Amino acid sequence: MKIYRVIILMAMTLWALSAQAQHKSKLETEWGVQTGVGFWNYNVNGEKVDGRLGWQVGGSFALNWGAVALQPEIHFVHHSVPLAPSPIDPKDDLLLKSNPIEIPILFSLRVLKPFRIYAGPMITAFNNCKYEGVDDDHDIDFDRVRSTINYTAGVGVTLGGHFLIDARYNGTFHRQRLVGPMGNELRAQGHAVWVSFGYIFN
């Protein structure tokens, strides 16, 4: 079974548990801030391309029914990936810079506290990339390397009720078609692993 089907199944299961728990538990809210580092790696035309270390900052808000929660988040993400030879100097890599806004909508299972398990869809906005032109002060627009709707899953642990350590796997549902800087067609599909640290207010 493909991994995204497992993610969808987990999200549907957590949603069903959330609906059931809503009638049994008192509704609570929480919000938090977090920052972290990670890698986006890509398969481009059948070849593996490793991205460089990226970072993210963001916040979250959760509706918590005890054992389950609905948790939307918003993150500003920066990462880069050497995707193709540079049109300026073929000996150098073309370093794509990506600064998207990612909006995960997570279904969270919190039965075994202090652990929490996440799964859900993720909206990726403002994902058009750039790369350096002849003049380093001016970047050139490039195509988007990820689709708008993706998925994410992960696990977190809270320490002292407020400090959060979080690990995520992000993936894309299908290959994204884009046009390279030399007019060549590329097909890219990516996945990422992130580790974040945060603080929860409740």
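The notes below deal with the structure included here. Just so it is clear, the model here is predicted, and its values are computed rather than measured.

Thresholds applied
Residues numbered from 1 in each chain as written. Predicted model: local features only at pLDDT ≥ 70, side-chain atom pairs only at ≥ 80, totals over all residues. Heavy atoms only, no water. Core = buried A, V, L, I, M, F, W, Y, C linked by side-chain atoms within 4.5 Å. Buried < 20%, exposed > 50% of the residue type's maximum accessible area, 1.4 Å probe, protein only. Helix = DSSP H or I, 4+ residues; strand = E, 2+ residues; numbered from the N terminus. Salt bridge = Lys/Arg side-chain N within 4 Å of Asp/Glu carboxyl O. Polar contact = N/O pair within 3.5 Å; in protein donor to acceptor, adjacent residues only side chain to side chain. Contact = heavy atoms within 4.5 Å. Patch = residues over 30% accessible without salt bridge, like charges linked within 9 Å, V, L, I, M, F, W, Y side chains within 5 Å. Areas by Shrake-Rupley, 256 points an atom, 1.4 Å probe, with all protein chains shown as cover. Phe/Tyr/Trp six-rings, centres within 6.5 Å; stacked < 30°, edge-to-face > 60°. Lys NZ or Arg CZ within 6 Å of the ring centre and 35° of its normal.

Moving on, we get to the nonpolar core. Note that soluble globular proteins tend to have their nonpolar side chains buried in a common cluster. Ranked by internal contacts, the top residues of the largest apolar core, which has 15 residues, are W40, Y42, V44, V81, L96, V145 and W194. Breaking this core down by element, the ones donating at least two residues are β1 (28–44), β4 (68–85), β5 (93–98), β8 (128–132) and β13 (185–201). If one sorts the elements of this core by residue count, β13 sits on top with four residues.

Applying the stated criterion across every chain yields a total of five salt bridges. Overlapping salt bridges bring together E30, R110 and R116 as one network.

We now examine the side chain of E30. In this fold, E30 is placed in strand β1. A distance of 3.1 Å separates a polar atom in the side chain of E30 from a polar atom in the side chain of R116. When sequence neighbours within four positions are dropped, the list of residues in contact with E30 reads S60, F61, A62, N64, Q71, R110, R116, I200, F201 and N202.

It is worth spelling out a nonpolar patch on the surface at this point. On the surface, a cluster of nonpolar side chains totalling about 520 Å² of accessible area is made up of V37, F39, L53, W55, V57 and F76. Within the residue set of the nonpolar patch, elements represented by two or more residues are β1 and β3 (54–64). Looking at the secondary structure, you find F76 in strand β4.

On to the packing of aromatic side chains. For the structure on display, the rule yields six aromatic pairs. Between W31 and F201, the ring centres sit 4.4 Å apart and the planes meet at 15°, which makes this aromatic pair stacked. On the criterion of sequence distance, the pair formed by W31 in strand β1 and F201 in strand β13 is long-range, its members being 170 residues apart. Classification of F201 by relative accessible area gives partly exposed; the value is 34%. On the basis of an interplanar angle of 80° and a centroid distance of 5.2 Å, the ring pair of F163 and Y199 is categorised as edge-to-face. Here Y199 lies in strand β13 and F163 lies in strand β11 (residues 163–172), a separation of 36 residues in the sequence. According to the relative accessible area criterion, Y199 is partly exposed, its value standing at 30%. Connected via pairs of aromatic rings, a cluster forms that spans W31, F163, Y199 and F201. Over the ring of Y118 we find R168; its NZ or CZ atom is 4.5 Å from the centre of that ring.

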